[in-house]
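# Descriptive analysis of the structure
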Amino acid sequence: MSAIKEVKAKFSQTKVKEILSDYRLAVESREASLIGRREVFMGKAKFGIFGDGKEIAQIAMAKVFRKGDFRAGYYRDQTFMFAIGQLTVQQYFAQLYAHTSLEADPASAGRLMNGHYATRFLDQEGKLINFTENKNSSADISPTAGQMPRLVGLAYASKLFRENSALKEYTNLSHHGDEIAFGTIGNASTSEGMFFEAVNAAGVLQVPMLISVWDDDYGISVPQEYHTTKESISKALAGFQRTENDKGFEIITVKGWDYIALIEEYQRAEKICREQHIPVLFHVQEMTQPQGHSTSGSHERYKSKERLEWEAQHDCIRRMREWIIGDVHILQEEVDAIEKEAKASARQAKDRAWKAFTNDVRKDQLRVTEILEKAVKQGERGAEILHVKNDLLRSINPTRLETMKAARKTIRLLINDNGEVKAELLEWLRRADEDNLDRYSSHLHSISDESALKVEKIDAVYTDASPLVDGREVLQACFDAALTRDPRVLAFGEDVGKIGDVNQGFAGLQAKHGELRVTDTGIRECTIVGQGIGVALRGLKPIVEIQYLDYFIYALPTLSDDLACLYYRTKGGQKAPVIVRTRGHRLEGVWHAGSQVGMLLSALRGMYIISPRNMTQAAGFYNTMLKSDDPSVIIECLNGYRLKERLPDNIGEFTVPLGVPEILRSGNDVTIVTYGSMCRIVMEAAEDLEKSGIFSEVIDAQTLLPFDIHHIILESVRKTNRIVFADEDVPGGATSFMMQKVLEEQGAYQYMDSKPVTITGKEHRPAYASDGDYFSKPSTEDVFEKVYALMSEVDPIRYPPLYPGKIV
Ligand SMILES: Cc1ncc(C[n+]2csc(CCOP(=O)(O)OP(=O)(O)O)c2C)c(N)n1
Ligand SMILES: [Mg+2]
């Protein structure tokens, strides 16, 4: 009690303790930011972005963040992460240094730049932890507002757990859906479409989503007037405020330096959100940025003197200090002592992190130096090797690349050496390659027991009684079985609910399984995918639908930046096994006939990309993916829903393995690799070719990622010595990908007797109607003529040119 001037004390001892402890944390976090910036300027880290100026609000928010809750936030949230006990200051610095150890940086093992927070959702075996006993943060990404689509799903899961009684048994995932999904976002980032999509979706869905906007009036150098209507996101969104008659949001505004108001208002927000599942927009104004945006430039360039002065006056820590001394009546000396201790603590944590980081990196440096010393002594090229060694030792802040460079340069110098020292160096390099592969390139796909590649193959079973049905009915039976089998499975998307999707794959399934399992959504591709990511992170198994492949472009940022790289960026710490269902390839007309598979291949590494030729294959892939914990895209053939297929007797069980092409037709003259809707076109062409004496081997690649893992195509090329890749993508799209895989990776170039050929769609979007399709996409005639021309070049006597003088 000594420090408090007893006469005026208006807070209980416990409260005072809490206030001082909060203040201490704010100061320590601020100090971490200040030190962090210095570390970057000293060359000890590459880039720094810090949470200074946002400390107090984050401490207040942390008070209402309970076990079981989830966060989807951004790079300013260090104080919050410290406050919930999910980040130590040492770990914070480890990430700044890019320490590639999970122990040092559990969020990303050094893969992400600093300020990207995440907790671990998976144990060593890749199984989900008990979320209800943990404070959970989904993994941050850099694209502004990129966290918002995922936030919708994290909140939506609470609704599902609360309202779907079949999920009650999953007590490790949720406690009656009482969990709040906390989002944070910068003021300027609220200009992004994703923010508006997410806010609208949450208002419609009425889910427990509490979005805090950290408003410091700037987005890097650009002030509020350029970003937001009325220069205030809470004013701009006032129409979302719920009223007596209309559901909507609760909108709250507080000043970022007002400790008491922040605490009270967060408590109010929490109650509404947690108990009633009402989304809350929590607009924290008058925040500051004491050090500017990041280490890439100073804010003195764009903030006026007056603004800088205003920021200094409104600094939340300064204001809290004044309040503690003035209103809580703590002696200045005691506050000083707290500050001193907090700052020392941050410094010590930094020192520990640096030591651990450099020790780790230096281990390799020392080992290589040792080997190089031996090589110098050995004589041959000694002087040059000495030079390499000295260069290596000169580095002040060690990096792995310097050691690696020195080793690789030395290998060149030892080209004619076959001695022991070289063997030692080679052995070190071999191990370093392995280690670096693990450090920088592992965990692109699941390595758990549930990896899609480990799902056991179960053949489709047919009997005489197996009926011939429309393709869409095959899917419907598959989805029905999946929904019946596992209460965690759910499907949603535009028109998926009431009518059971535009092609009726889910027809009648909402009526049978309920609205929570098969659900319509608004037209909002980005947040449909985000909704999938969020619910999958929380342990459910969503099939989310993007109505046409053409509309993937709207969802692509979230698919690419968030879903595809989630497992990689957390080094196996989080997974979201979302199945993204879509339909593509040819139908009629532009925007309903897209086949942009090359785009997916470039953007979605980390997901599996599956392009089945018919609905039975598609059903088998759905069954495979539902058993796995990898995310995937399944592209159904737009023109296949009404084609007749036999319904397997084990529609809910049979699986199709990924990465295993199927030989649809055998032949010795030429191998044609294709997938999806092109399979039928190519098969028709192959029949025509046979009439001209050309026997093609037609291979359905089935999945593009992974691609032909057993090199079945190579086997075929060894026999035919000729290869054609056919699809509906643009020239240089997915056919080029397949060509690289087969010619370079599989080594088929050695067996080629003719140049490889690609048959693709035109460079433009497919034109409308049957004629548009014919002249935009490869036709049977196109395939026939291209393959025929290939054979004609080989044997013009046997296959006289169809169009003499014309190069096809
Ligand atoms: C999609 C995207 N565009 C641009 C950027 C570059 N960028 C990083 S932070 C930032 C400003 C964000 O400002 P605000 O949302 O107010 O957050 P603050 O940094 O002020 O907390 C910009 C433009 C980005 N990361 N992502
Ligand atoms: Mg800002």
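Residues numbered from 1 in each chain as written. Chains lettered and ligands numbered in written order. Predicted model: local features only at pLDDT ≥ 70, side-chain atom pairs only at ≥ 80, totals over all residues. Heavy atoms only, no water.

### Thoughts on the coordination of the magnesium ion (ligand 2)
Taken together, Asn187 (OD1), Asp216 (OD) and Tyr218 (O) make up the protein donors of the magnesium ion (ligand 2), found 2.0 to 2.1 Å from the metal. Read in sequence order, the donor residues for the magnesium ion (ligand 2) give the motif N-x28-D-x1-Y. In this pair, Asn187 sits in the loop between strand E3 (181–186) and helix H6 (193–205) while Asp216 sits in the loop between strand E4 (209–214) and strand E5 (218–219), placing the two residues 29 residues apart along the sequence. We note that Asn187, like Asp216, is buried. (Donors = N, O, S within 2.8 Å, 3.2 Å for Na, K, Ca; no water. Helix = DSSP H or I, 4+ residues; strand = E, 2+ residues; numbered from the N terminus. Buried < 20%, exposed > 50% of the residue type's maximum accessible area, 1.4 Å probe, protein only.)

### So, the pairing of strand E8 (residues 280–285)
Counting buried residues along E8, six of its six residues qualify, which places the element largely inside the surrounding structure. With burial as the criterion, each face of E8 is covered, one bearing Val280, Phe282 and Val284 and the other bearing Leu281, His283 and Gln285. In this sheet, E8 lies alongside strand E7 (residues 250–255) in parallel orientation, the contact comprising six bridges. Paired with Glu250 across the two strands is Val280, which belongs to E8. Handedness of the β-α-β unit built from E7, helix H9 (residues 259–276) and E8 comes out right-handed. (Pairing = 2+ DSSP bridges. Right-handed = clockwise from strand over helix to strand, strands pointing away.)

### Regarding the pairing of strand E19 (residues 696–700)
Burial analysis of E19 places five of its five residues in the buried class, which makes it a mostly covered element. Across the two faces of E19 the burial is the same, with Ser696, Val698 and Asp700 and Glu697 and Ile699 all buried. Direction of pairing for strand E17 (residues 662–665) relative to E19: antiparallel, over a ladder of three bridges. Counterpart to Glu662 in the pairing with E19 is Asp700. Taken together, the five bridges between strand E18 (residues 670–674) and E19 define a ladder with parallel strand orientation. Note on E19: the bridge partner recorded for Val670 is Ser696. Of the crossover connections in this fold, the one passing from E18 over helix H23 (residues 678–691) to the parallel E19 is right-handed.

### Quick notes on the confidence of the model for the protein
When pLDDT drops low, the exact placement of atoms in the prediction is not to be read closely. Here the protein averages 96 in pLDDT, while 99% of its residues score no lower than 70. Taken as a whole, residues 1–5 scores under 50 in pLDDT and shows 15 contacts with residues more than four places along the chain or in a different chain. (pLDDT = per-residue confidence, 0-100. Contact = heavy atoms within 4.5 Å.)

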